[in-house]
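# Topology and contacts: notes
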Amino acid sequence: LGGGDWNKCGNGNVTVLGRSASFAGIWHYYIVSLFFKTPISIMFFIAGGICISIRYRSAKHFFANEFILLLPVVFYVFYMSLFYKCQVGIRQLIFIYPLCYVFCGAIIPHINTFKRIAFITCLSLYLLVSVLLYWSNYYPYTNEFIWDKKMAYSIVGASNLEFHQGE
């Protein structure tokens, strides 16, 4: 990044939802990448944590506890999407996942019926199968929203797909 030129970081082509750009950022790159590279079960767990925080937590409790987990997530997704042009893969945002996983802990006290236990168990097994399909090479992982994995590069053309790590 010689000379502090953040707009030219050597990222080459970036492809998102069929649109390519060379050496320029696509504002929704990280949002789309997070959507297609986050396991679907984790999305359900995060949504459950959000629903529980809204329904069962007071604003005072939320700002005293969960807010500190979500603030960096929202800030960095917003910052990276709108201001950061060097888009070389989701690895630049991977640090938000542990914060999201801790936030998902809000659902644990509410798993108190057989239906909820069965639902969480099914989601967990689905997560296990979805991720283990990429056992020896996790870099090109995309969730099941991309059915044809051979076309993943045209939807979320991250560097881990363009550099043949997904062969």
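Position labels on residues start from 1 in each chain and follow its written sequence. For this predicted model, a pLDDT threshold of at least 70 governs which residues receive local features, and a threshold of 80 or more governs which side-chain atom pairs are given and counted, while totals over whole chains, interfaces and linings are taken from all residues. For side-chain calculations, the full set of non-hydrogen atoms in the structure is used, while hydrogens and water are omitted.

### As for the overall build of the protein chain
Every helix listed is a DSSP run of H or I at least four residues long, and every strand listed is a run of E at least two residues long, numbered separately from the N terminus. Counting its secondary structure elements, the protein chain contains 8 helices and 3 strands. Walking the protein chain from its N terminus toward its C terminus, one meets helices and strands in the order β-β-α-α-α-α-α-α-α-β-α. In the protein chain, which comprises 167 residues, the proportion classed as buried is 38%. Across the protein chain, the fraction of contacts at a sequence separation of at least 24, relative to all contacts at a separation of at least 6, is 65%. A 1.4 Å probe rolled over the protein chains alone gives each residue an accessible area, and that area as a share of the maximum for its type sets the label: buried under 20%, exposed over 50%, partly exposed in between. Whether two residues are in contact is decided by their heavy atoms, any of which lying within 4.5 Å being enough.

### So, the packing of helix α1 (residues 29-37) against helix α4 (residues 67-82)
The axes are straight lines fitted to the C-alpha atoms, using for helices just the contacting stretch, and the angles between their N-to-C directions are given from 0 to 180°. The contact between α1 and α4 brings their axes to 7 Å, and the two run at 125°. By the angle class used here, α1 and α4 are oblique. The segment α1 lies against α4, with Tyr30, Ile31 and Leu34 engaging Val77, Met80 and Ser81. Classification convention: Asp, Glu, Lys, Arg as charged; Ala, Val, Leu, Ile, Met, Phe, Trp, Tyr, Cys, Pro as nonpolar; all other residues, Gly among them, as polar. Partitioning the contact of α1 with α4 into residue classes produces 5 nonpolar, 1 polar and no charged. Oblique is the label for any angle not under 35 degrees, not over 145, and not in the 65 to 115 range, which are roughly parallel, roughly antiparallel and roughly perpendicular in turn.

### A closer look at the side chain of Ser130
Topologically, Ser130 is positioned in helix α6 (residues 114-132). Exposure remark for Ser130: the relative accessible area of 3% places this residue in the buried category. Once residues within four sequence positions are removed from consideration, Ser130 is found in contact with Tyr141 and Glu144.

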